[in-house]
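Residue strings, one per chain:
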Amino acid sequence: MKSMPLLHKINLDLKDGPLSFIGVFVSNLLAARLQMAISLGFHILFAVVGIALPLMMAVAEAFWLRTRDPVYRILARRWARGAAILFAVGAVSGTVLSFELGLLWPHFMKFAGPIIGLGFGLEGFAFFTEAIFLGIYIYGWDRVPPLAHWLAGAIIALSGALSGILVVSVNAWMNTPAGFVLQGSKATSIDPPRALLGPAMIAETLHMTLAAYAATGLLVAGIHAVLLLNDRANPFHRRALAIALAVGGVASVLQPLSGHYAAQVVARTQPVKLAAMEGQFRTERRAPLRIGGLPDPVAGTTRYALEIPGGLSVLAYNDPNAEVVGLDAIPTADRPPVRIIHVSFQVMVACGLAMALVSFWAAAVAWRSGRVPDGSMFLSATVLISPLGMLAIEAGWTVTEVGRQPWIIQGVMRTADAVTPVPGLWVSLLVYSTLYVFLGLVVALLLARQFRASPRPDEIVAASTPEGAH
Amino acid sequence: MSSPIISVSPAEAVAVVMLLALVIYALFGGADYGAGVWDLLARGPRATAQRELIAHAIGPVWEANHVWLIIVIVLLFTGFPSAFSAIMTTLHVPLSLMLIGIVLRGSAFTFRSYDNSEVGKRRWNRVFSIPSVVTPMLLGAVIGAIATGQPGRALDSGLPVPLFATWLRPFPLVVGLFALNIFAFLAAVYLTLETPDPELQADFRLRALVAAVVLGGVAWAVYFLARSEAPQVFQGLSDSPWGRPVRYGTGAFAVVTLAALSLRWFRLARVTAMVQVALILWGCALAQYPLLVPPDIAIGNSAAPPVVQTLLLIALGAGSVILLPSMYYLFHVFKGHTFQLSRVSTDDPR
């Protein structure tokens, strides 16, 4: 079969575009990277809630079916409203991403499409299942039997998680490419299942799935904690807090373990990324673990950090004398921007630890008193940490993606070689940024309106009778 | 790889599935765009009732209908990566604009259900309905532009990628109008079956009839412009052995749809309208076969290795086992009434 290097025929100098004057400030490559970062950073917030919120509403509805306590039914319905708004924005921003893969990175997709497409294909089906049963769940409260309705919710939760796992598997492939043989610039002997189950797959999907439950659970817990602070006995918010804390708390406590495992996989498969995360410039034995600090790429040191001698060697290789690869192992031009990566990594770890701490607190109080923790101190702490999960997710993705630079496929294709030759991408960057800021504000406003008001007593009474449950 | 009886390569089978997904997207997702058109054009004493009927009709199936587009894209970049990157490069501008439309209407459609203020509802309605008109025109323009061969030639020329010259031309724009008209026509036909109210039904019957007649005119315009602008498609439709039957078949179904609408046989009209639209798309695709992006990129020379195509087909088969029953259940629950309604209304002497 004749290969057609059509796209290679375009030898466009980016500075020659009709909008070149802006190109002086924002190169096409930078514009494409920023647009991708904004699109992913925006979509991930909705995707994460789309994974975890359905689980919480299915749990609430299961309690309604078992106890017939009408508050649980109202809770499931309220959470479902939030899920519907967030799913809608998640679906369209996800559609944008599937096109952007080609609109911004056509050379990447031409190479990677056949290798990783299977993952996207399976994800398409998972997403399909999610969309179908979301329609049944949201519009079917009174049209399908109660058990079928609950089952629809459970399917949404399951397919949401599956779809997240599949997409993250594709990202894992970009970090640890497998399942093909590189001949020149072409991939041969393509093995899509092996590509999908690459070395980083378990670590990344586990870490991200737990992150989704931790971030969403504690975010929702924070919202109900705010409302409980002024209305301590409210049965609606007490039950909501209990479910949200259970989902978010368990995930938050497990997350440091999965993070440790993920870091060991990074150490093994992407040592340069690990060096950037830790601000490790020199290749050395007994490498210290740095807490905080600001790397100085020119001087080649990380300043102001609290250093635990041998800590990094132990964490990465379980051996204080293990050698840790530093950034000095590769030429300066090929190093990722260490400052952003180290700081993002520190932010992610700090957020994660704070969340785990509050979750342990909740568990301890619940264990000793046998009730939902509702002390003022605890509720305030829950409110304070509630946005940290989302912050940690953004910071974590910054580590993963920026930490892979200058590669789009680690060691195989450079980001600069993947970008589209279409000129003037800064226009597109500007338009999409504006659009997403606008949408973000609207969603925040709508959700605030949905969740500000607690259900009225008559609403609860109405929901307890089958005729009034409409 | 290919059986001796029906010689279809895995790549061709994937291409057929891709076309099938595109046709289903047009029949279902397309009608959601069309419903947005009628939302924008809602007039007269029943304007509010029309809008409510539209929102009620598309709400439950909205998200599912949208996924077909993603399936098309995933099949394209997995099965035919160089066709995908060629399209995404040479039609960057209309595709980006189309996506903005998809984002706006997709968000606004949900926002308006959850915005309790009257002003808010009306505002979201606008943000839903205006992009519902613009987005399908851009989708049609992209498909029309590909058929002209301009995007393919722009790549071959080796010159900088043009932003507008590939698609801002008469033929793609008329195809854009054609797509919009098709979607509006389908939506109006479907909506006749969504209401027991005879007046609302009459509103949408009239809209369906008008859209059907206009569609005939636009179809001729596309056909004649194709002679010079998309000669490959024109020759396929006019000269090939299957061209005539496809054209006559499409025409016949169009006539039956018109007659059925006139006689208020709405259930029949729905079936024939769907067949008519499917025939249009199959005809255009057949005319371009085996090219994906004329003049050079074809199914054969852009296909991913056979192992990828075979795995895709297995995944599609396995996925369908879950997808089809789920889809049936969704439509059974929320569209079951449209199968009873027509019986009532045809029995109803008026």
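Residues numbered from 1 in each chain as written. Chains lettered and ligands numbered in written order. Predicted model: local features only at pLDDT ≥ 70, side-chain atom pairs only at ≥ 80, totals over all residues.

K.L.:
Which residues make up the overall build of chain B, and what values go with them?
P.N.:
Regarding its fold elements, chain B presents 15 helices and 2 strands. Taken over the C-alpha trace, chain B has a radius of gyration of 21 Å; the compact-globule value for 350 residues is 20 Å, and the two agree within 12%. Projected onto the principal axes, the alpha-carbon positions of chain B cover approximately 60 × 45 × 45 Å. The buried share of chain B, reckoned over its 350 residues, is 55%. When contacts within chain B are restricted to residue pairs at least 6 apart in sequence, long-range pairs at least 24 apart make up 78% of them. (Helix = DSSP H or I, 4+ residues; strand = E, 2+ residues; numbered from the N terminus. Rg over C-alpha atoms; globule rule 2.2 N^0.38 Å. Buried ≥ 20, exposed ≤ 12 C-beta atoms within 10 Å, placed from the backbone. Contact = placed C-beta atoms within 7 Å.)

K.L.:
Lay out the interface of chain B and chain A with the relevant residues and their values.
P.N.:
In this assembly, 58 residues from chain B lie in contact with 64 residues from chain A. For the side of chain B that touches chain A, the elements supplying multiple residues, two or more each, are α3 (62-79), α4 (81-90), α5 (92-114), α7 (150-157), α13 (299-302) and α14 (306-335) of chain B. Each residue belonging to the side of chain B that touches chain A can be placed in one class, and the counts come to 38 nonpolar, 16 polar and 4 charged. (Nonpolar A, V, L, I, M, F, W, Y, C, P; charged D, E, K, R; others polar.)

K.L.:
Describe the domain arrangement of chain A, and please don't skip the residues or the numbers.
P.N.:
Residues and elements named next belong to chain A. The domain boundaries assigned to chain A delineate domain 1 (50-197) and domain 2 (199-399). Centre-to-centre separation of domain 1 and domain 2, based on C-alpha positions: 24 Å. Broken down by secondary-structure element, the contributors of at least two residues to the side of domain 1 that touches domain 2 are α2 (28-67), α3 (70-104) and α5 (146-175). It is α5 that contributes the most residues to the side of domain 1 that touches domain 2, 8 residues altogether. (Domains from an automatic or database assignment.)

K.L.:
Tell me about the packing of helix α9 (residues 198-229) of chain B against helix α11 (residues 243-262) of chain B, residues and numbers included.
P.N.:
Geometry of a packed helix pair, given as the angle between the helix axes and the separation of the axes. All names here are of chain B. Relative to each other, α9 and α11 sit at 155°, their axes nearing to 10 Å. When the axis of α9 is compared with that of α11, the two are roughly antiparallel. For the crossing formed where α9 meets α11, the hand is left-handed. On α11, the residues touching Arg205, Ala208, Leu209, Ala212 and Gly216 of α9 are Ala254, Thr257, Leu258 and Leu261. Residue classes in the contact of α9 with α11 are distributed as 6 nonpolar, 2 polar and 1 charged. (Axes fitted to C-alpha atoms, helices over the stretch in contact; angles between N-to-C directions. Parallel < 35°, antiparallel > 145°, perpendicular 65-115°, else oblique. Left-handed = near helix turned anticlockwise from the far one by under 90°.)

K.L.:
Can you lay out the nonpolar core for me, pointing to particular residues and giving the numbers?
P.N.:
Grouped burial of nonpolar side chains is what soluble globular proteins tend to show. Counting 276 residues, the largest nonpolar core has Met56 of chain A together with Val72, Phe185, Leu186 and Ala187 of chain B as the members making the most contacts within it. Residues within four places of Leu186 of chain B in sequence aside, it is in contact with Leu27, Gly30, Ala31, Gly34, Ala273 and Val277 of chain B. (Core = buried A, V, L, I, M, F, W, Y, C linked by C-beta atoms within 7 Å.)

K.L.:
Tell me about α5 of chain B, residues and numbers included.
P.N.:
A rise of 1.5 Å per residue sets the reference length of α5 of chain B, with its 23 residues, at 33 Å; its end C-alpha atoms lie 34 Å apart and thus fit the reference within 8%. With 18 of 23 residues buried, α5 of chain B lies mostly within the body of the structure. (Expected span 1.5 Å × (residues − 1).)

K.L.:
Give me unusual backbone geometry: which residues, what numbers.
P.N.:
Following Gln405 of chain A, the chain continues to Pro406 of chain A via a peptide bond in cis, the omega torsion being 5°. A cis amide bond links Tyr289 of chain B with the next residue in sequence, Pro290 of chain B, at an omega value of 0°. Residue position: Pro290 of chain B is located in the loop between α12 (266-288) and β1 (291-293). Phi is positive for Arg68 of chain A, close to 60°, though the residue is something other than glycine. A positive phi angle, near 50°, is found at Arg286 of chain A, a position not held by glycine. Residue placement: Arg286 of chain A occurs in the loop between β3 (284-285) and β4 (289-291).

K.L.:
Give me the lowdown on the confidence of the model for chain A, citing residues and values where you can.
P.N.:
Note: predicted coordinates in regions of low pLDDT should not be interpreted at a detailed level. Mean pLDDT over chain A stands at 90; residues scoring 70 or higher make up 92%. Of the regions scoring below 50 in pLDDT, residues 1-19 of chain A engages in 40 contacts with residues more than four places distant in sequence or in other chains. (pLDDT = per-residue confidence, 0-100.)

K.L.:
If you had to explain helix α15 (residues 425-452) of chain A to someone new, which residues and values would you point to?
P.N.:
Here α15 of chain A is 28 residues long and its end C-alpha atoms lie 40 Å apart, about the 40 Å a rise of 1.5 Å per residue gives. Looking only at α15 of chain A, the buried set comprises Leu425, Trp426, Ser428, Leu429, Tyr432, Leu439, Val443 and Leu446 of chain A.

K.L.:
Which residues make up the packing of helix α4 (residues 106-139) of chain A against α3 of chain B, and what values do they have?
P.N.:
Two elements in contact, α4 of chain A and α3 of chain B, have axes separated by 8 Å at closest approach and are oriented at 170°. The angle between the axes of α4 of chain A and α3 of chain B places the two elements in the roughly antiparallel class. As for the relative orientation of α4 of chain A and α3 of chain B, their crossing is left-handed in sense. Taken together, the residues of the contact of α4 of chain A with α3 of chain B break down into 15 nonpolar, 6 polar and 1 charged.

K.L.:
Break down the environment of Trp282 of chain B for me, citing the residues and quoting the values.
P.N.:
Residue and element names in this part refer to chain B. Within the element layout of this structure, Trp282 appears in helix α12. With 17 C-beta atoms counted inside 10 Å, the residue Trp282 sits in the partly exposed group. Along the backbone, Trp282 and Val23 are 259 residues apart, and their C-alpha atoms lie at a distance of 8.0 Å.

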